[in-house]
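Listed below are the residues making up each chain.
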Amino acid sequence: MEKVKVVEYKGKNIVYLDFSNGDMLEKKQEVLDLIEEAKAFISKQAPNSLLTLTDATNLRFSMELIDILKDFTNHNKPYVKAAAIVGVKGIQKIAYDTVMKFTKRNIPIFASVEEAMDWLIEQ
């Protein structure tokens, strides 16, 4: 199953980044490869053109991943018009807050993919 893909939602394209069930503790390389794949895809797009949705449901992270996500989020900034995230719960919120503070990005958290997509297409 593709982890980085473009999905059409109500006539608009959204880049869906599926980090769900990723595991930085036991399957670290898988997560790192996904980040590199996403960076490569995003960097080929026009500036300020993308709507992105990241699914972090059940993502197990490490301190190393927080630093990698800071870099990833900064890297994407020039290409992204609006971004949303789903699946951030519990201790993940601390990692999310750290990345947002460091990158000065505003990426709202939504309870469901549909809510996030509805918000994105209005941006």
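Before reading on, note that the structure itself is shown above.
Our subject in this report is the structure included herewith. The written sequence of each chain sets the order in which its residues are numbered from 1. The predicted origin of the model limits local features to residues at a pLDDT of at least 70 and limits the giving and counting of side-chain atom pairs to 80 or more, whereas totals for whole chains, interfaces and linings rest on all residues. Each side-chain value is worked out from all heavy atoms of the structure, with water and hydrogens disregarded.

## With respect to the nonpolar core
- In this structure, Leu17, Phe19, Ile35, Ile42, Leu65, Phe72 and Ile85 are the most contacted members of the largest nonpolar core, which totals 27 residues.
- Numbering of helices and strands starts at the N terminus; helices are DSSP runs of H or I of at least 4 residues and strands are runs of E of at least 2. Elements with a contribution of two residues or more to this core: β2 (12-18), α1 (28-42), α2 (63-76), β4 (80-86) and α3 (92-103).
- Looking at this core, the element that brings in the most residues is α1, giving six residues.
- With residues near it in sequence (within four places) discarded, leucine 17 still touches Lys3, Val4, Ala38, Ile42, Leu53, Thr54, Asp55 and Phe72.
- We call a set of buried Ala, Val, Leu, Ile, Met, Phe, Trp, Tyr and Cys residues a nonpolar core when their side-chain atoms join them within 4.5 Å. Throughout this description, buried means an accessible area under 20% of the type-specific maximum (1.4 Å probe, protein chains only), exposed means over 50%, and partly exposed covers the range between. Counting 14 residues, the second-largest nonpolar core is a separate cluster that includes Ala82, Ala84, Ala116 and Ile121. Contacts are assigned to residue pairs that have any heavy atoms within 4.5 Å of one another.

## Notes on the packing of aromatic side chains
- Each aromatic pair joins two rings of Phe, Tyr and Trp (for Trp, the six-membered one) with centres within 6.5 Å, and gets the label stacked for planes under 30 degrees apart, edge-to-face for over 60, and tilted for any other angle. Inspection of the entire model under this criterion finds two aromatic pairs.
- Ring centres 6.2 Å apart and planes at 65 degrees place the aromatic pair phenylalanine 19 and phenylalanine 72 in the edge-to-face group. Of this pair, phenylalanine 19 sits in the loop between β2 and α1 while phenylalanine 72 sits in helix α2, and the two are 53 residues apart along the sequence. Both residues of the pair, phenylalanine 19 and phenylalanine 72, belong to the buried class.
- Arranged with centres 5.6 Å apart and planes meeting at 40 degrees, the rings of phenylalanine 110 and tryptophan 119 form a pair that is tilted.
- Assessed through its relative accessible area of 27%, tryptophan 119 is described here as partly exposed.
- Put simply, a charge is over a ring when the Lys NZ or the Arg CZ is close to the ring centre, within 6 Å, and near the line of the ring normal, within 35 degrees. Over the face of the ring belonging to phenylalanine 102 we find lysine 70, whose NZ or CZ atom lies 4.8 Å from the ring centre.

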